[in-house]
Every structure is written in structure tokens, then in C-alpha cells.
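Fold and contact review
Take a look at the letters that make up each chain.
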Amino acid sequence: MADWDQCYYTYDGAYEAAELKVFQEMHSKGLIYQDYKPVFWSPSSRTALAEAELEYNPEHVSRAIYTTFPLSKLPPGMTSEGLEGGVSVLVWTTQPWTIPANQAVCYMPNAQ
């Protein structure tokens, strides 16, 4: 389990300084360099692909699921419409193994 009393934060100054020191050591040894790398693109999903996605077993089937999350607090517009209780958010994901750890649902109100 996690040690919450002695956890580290990536935004902590001491942690960042240690990371920069390791980066400097790697750079001094010639392990850090700039180069070009292809970006693999999926025309069907119109998104970049991770290199590992190109190495999938051709028999592999990605599982996508729809699930609902109950709203713990309704927006004012919904309560004024008499929609108290039993309102949920519908979510679609291609990573169903993350569902047990979900703590919130985020959305972009102006997304198209």
C-alpha cells in the first residue's frame, strides 16, 4: 500500500532538483540527444499512435465499454427542472481496467 505520510510530490523543489541532477549526469555521459522520430498516425481514429500499439497481436481485440457514474451533486439547472436523484453521466472508454480507480469525471462544456 501507499505510504501517505512519506510520499513524494513531483512538484516538490527538492524532487525537481534531484531530477535535474540526474538529467545533467545523463547529458554529461552523452545519453541525452536530439533526433528525429516518426509519429505513427491512425487515419481511422484521426489520432497519433503509441509505438507499442503497432506491435499488437493481430488477434488482440480492444474492449471498449459504456458505463455510468451517478452525479453526487446536480447542477442548478437540473434541480430547477425537477431532476433530483438518479441522474448519471454516461462515459465511453477504451481503457476499462481504469474504472475501479476513477475518482471523477471531467468534461469540456464547449467541446465539439
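In this text, all values refer to a predicted model and were calculated from it rather than measured experimentally.

Looking at the packing of aromatic side chains
Under the criterion given, the structure shown has 1 aromatic pair. Centre to centre, the rings of Y9 and Y11 are 5.4 Å apart; their planes meet at 35°, and the pair counts as tilted. Residue classification places Y9 among the partly exposed residues on the basis of a relative accessible area of 43%.

Structural notes on a nonpolar patch on the surface
On the surface, V22, M26 and L31 cluster together into a nonpolar patch covering about 250 Å² of accessible area. By the element assignment, V22 lies in helix α1 (residues 13-28).

A closer look at the side chain of S42
Structurally, S42 is set in strand β1 (residues 40-42). Apart from residues lying up to four places away in sequence, S42 is in contact with T47 and L49.

Thoughts on the confidence of the model for the chain
For the chain, the average pLDDT comes to 83, and 92% of its residues sit at 70 or higher. α1 holds the highest mean pLDDT among the elements of the chain, 94, whereas helix α2 (residues 76-80) holds the lowest, 69.

Some thoughts on the side chain of T93
Here T93 is to be found in strand β4 (residues 88-93). A polar atom in the side chain of T93 sits 2.9 Å from the backbone nitrogen of Q95. For T93, the contacting residues outside a window of four places in its chain are R63, A64, I65 and I99.

Cut-offs and rules
The residue numbering used here restarts from 1 in each chain and proceeds along that chain's sequence as written. Predicted model: local features are reported for residues with pLDDT of at least 70 only, side-chain atom pairs are reported and counted for 80 or more only, and whole-chain, interface and lining totals are derived from all residues. With hydrogens and water excluded, all non-hydrogen atoms of the structure serve as input to the side-chain values. The criterion for an aromatic pair is that two Phe, Tyr or Trp rings (for Trp, the six-membered ring) have centres within 6.5 Å, with stacked assigned to planes under 30 degrees apart, edge-to-face to planes over 60 apart and tilted to the rest. Accessibility here uses a 1.4 Å probe with only protein chains present; expressed as a share of the type maximum, an area under 20% marks a residue as buried, one over 50% as exposed, and anything in between as partly exposed. Only residues whose relative accessible area exceeds 30% and that take part in no salt bridge are eligible for patches, with like-charged residues grouped when within 9 Å of each other and nonpolar side chains (Val, Leu, Ile, Met, Phe, Trp, Tyr) grouped when within 5 Å. Computed with a 1.4 Å probe, the accessible areas rest on the Shrake-Rupley method; for each residue, only the protein chains presented here act as cover. Any carboxyl oxygen of Asp or Glu within 4 Å of a side-chain nitrogen of Lys or Arg constitutes a salt bridge here. Numbering of helices and strands starts at the N terminus; helices are DSSP runs of H or I of at least 4 residues and strands are runs of E of at least 2. Between two residues, a contact is recorded if the distance between any of their heavy atoms is within 4.5 Å. Confidence scores here are pLDDT values: one per residue, from the predictor, ranging 0 to 100. Think of a polar contact as two N or O atoms within 3.5 Å of one another; within protein, one of them needs to be a possible hydrogen donor and the other a possible acceptor, and neighboring residues in sequence only count if both atoms come from side chains.

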